[in-house]
Amino acid sequence: MNVTGIIAEYNPFHLGHLHQIAYVREKLNSDYIIVAMSGDFVQRGTPALLSKYIRAEAALLCGADLVLELPVQISSASAEFFAAGAVSLLNGLGVVDQLCFGSEEGAVEGMCLAARILNEEPENFQALLEKNLKQGISFPAARSRALSEYLCTMRSPGEENLSAFSDTLLSSPNNILGIEYCRALLRLHSNITPVTLKREGAGYHDLTLKNNQAPSASAVRAFLTETVRQTQTSSSYKDFSALENMLPAASLQLLKNAFFNQEFLTENDLDLILHYCLMGKTAEELTEYADVSPELAARIINCLNDYRGFSQFAELLKTKELTYTRIQRALLHILLQIRETPKEFSFGRVLGFRKSASPLLKEIKKRGTIPLVTKPSASAKTFTPDEKKLLDTNTAASNIYESLICHKTGRTFVHEYQKQMILIP
């Protein structure tokens, strides 16, 4: 049995994701594909465009065999903690042979070397990092420069050419995340082999849509946001034709259905609830939440009278030292009352699977070190306090997501414990 793991958000599922699954099937000869997917909130600190169940269905219809949820404490964390949690989940299943991820680099050797250096922090690297930090640049920039300088000084046999990776290695989002995956695998002494697939199509931050080219998820979201804005000011029909050659047919149909039924969220849907959560808080209370530094807490208090909405407030709080994404994550953590990121993954929540993948599930049950959860209400009765805390926080977040959807659509609320897994023949 050859099993490949993929870590993803699928926000939404597009041609680039389909290409990755095809690569895993055809080039890695995988019998099964397990996806560790973000739940209802994602790493940039916002709600996922579509619910985790819709995105899990898209993944299964497009070739995945099993979709497991990354709980909100992991899915909304910074790259290091996001990667550590996701890799821990896949490693705990006991069946994953390789982890496949996209990158701008397209070669895993330099990423593994960078991961080893960042984990071990050799003395010369530490000195270079300290020197760069004293120049007043941000930590990510200082670390990138220190790694580049350190790689250029290496003369070990077989590593001379790896300095070629140094110029762009830590300058691209998917490279950075890939290195964090490799770091997590090394820390766990995992037997999972990292495999990277060169990112094709639009760049990570590219907001343009080009026919028959894999778009960035950001471009698809930008298009949909503009579509919603236009239809709110007119009676025109939502036109998704621009996406027909950029999303797989199954994913596009699910997206259309969700939009026609108003079953989607953007950061603007958090405007009122976030304002409520911030009012009455002191700076000291705000620092209890993950990613909220004393400096950010002070800015939140000082700027609160100018609050107009989630996105506007994040932009207002942004400084040279605090990135927009970091601030969004901090605001989301306040809203969802997330105070810490768990250090260990003790269970895998199943969002959906193919019925033909039953041999995979049996093998996980036999070889895994963590249980698979299919009925959270039942599992909660046997969980340790730490496990139940992880489950409860994620359940509360999913119920908030559901409440916001119900407010838009007028449909009846369905508690997270009552939601059904997605089963595909």
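You'll find the structure just up there.
Since we're looking at a predicted model, the values are computed, not measured. (Residues numbered from 1 in each chain as written. Predicted model: local features only at pLDDT ≥ 70, side-chain atom pairs only at ≥ 80, totals over all residues. Heavy atoms only, no water.)

**Thoughts on the nonpolar core**
Residues Ile7 and Ile34 are the most contacted members of the largest nonpolar core, which totals 51 residues. Per-element tally for this core: the top contributor is helix α5 (residues 108–120), with seven residues. With 40 residues, the next largest nonpolar core counts Cys62, Ala64, Val67 and Ile424 among its residues. (Core = buried A, V, L, I, M, F, W, Y, C linked by side-chain atoms within 4.5 Å. Buried < 20%, exposed > 50% of the residue type's maximum accessible area, 1.4 Å probe, protein only. Helix = DSSP H or I, 4+ residues; strand = E, 2+ residues; numbered from the N terminus.)

**Looking at the packing of α5 against helix α8 (residues 173–187)**
Following both chains from N to C, one finds α5 and α8 inclined at 60°, their axes separated by 8 Å at the closest point. Of the possible angle classes, the one that applies to α5 and α8 is oblique. Crossing handedness for the pair α5 and α8: right-handed. Counted together, Val108, Met111, Cys112, Ala114, Ala115, Arg116, Leu118 and Asn119 of α5 and Asn174, Asn175, Gly178, Ile179, Cys182, Arg183, Leu186 and Arg187 of α8 form the full contact between these two elements. Its residues assigned to classes, the contact of α5 with α8 shows nine nonpolar, four polar and three charged. (Axes fitted to C-alpha atoms, helices over the stretch in contact; angles between N-to-C directions. Parallel < 35°, antiparallel > 145°, perpendicular 65-115°, else oblique. Left-handed = near helix turned anticlockwise from the far one by under 90°. Contact = heavy atoms within 4.5 Å. Nonpolar A, V, L, I, M, F, W, Y, C, P; charged D, E, K, R; others polar.)

**A short note on the pattern of salt bridges**
Inspection of every chain in the model, using the stated rule, returns 23 salt bridges. The residue lysine 52 makes a salt bridge to glutamate 69 at a minimum N-O spacing of 2.9 Å. Of this pair, lysine 52 sits in helix α2 (residues 52–61) while glutamate 69 sits in strand β3 (residues 66–70), placing them 17 residues apart in sequence. Measuring nitrogen to oxygen at the nearest pair gives 3.6 Å for the salt bridge that ties arginine 349 to glutamate 69. Of this pair, arginine 349 sits in strand β6 (residues 348–354) while glutamate 69 is found in strand β3, placing the two residues 280 residues apart along the sequence. For the pair arginine 349 and glutamate 69, a shared accessibility class is recorded, and that class is buried. Among the charged side chains, a network of salt bridges with common partners joins Lys52, Glu69, Arg349 and Glu416. (Salt bridge = Lys/Arg side-chain N within 4 Å of Asp/Glu carboxyl O.)

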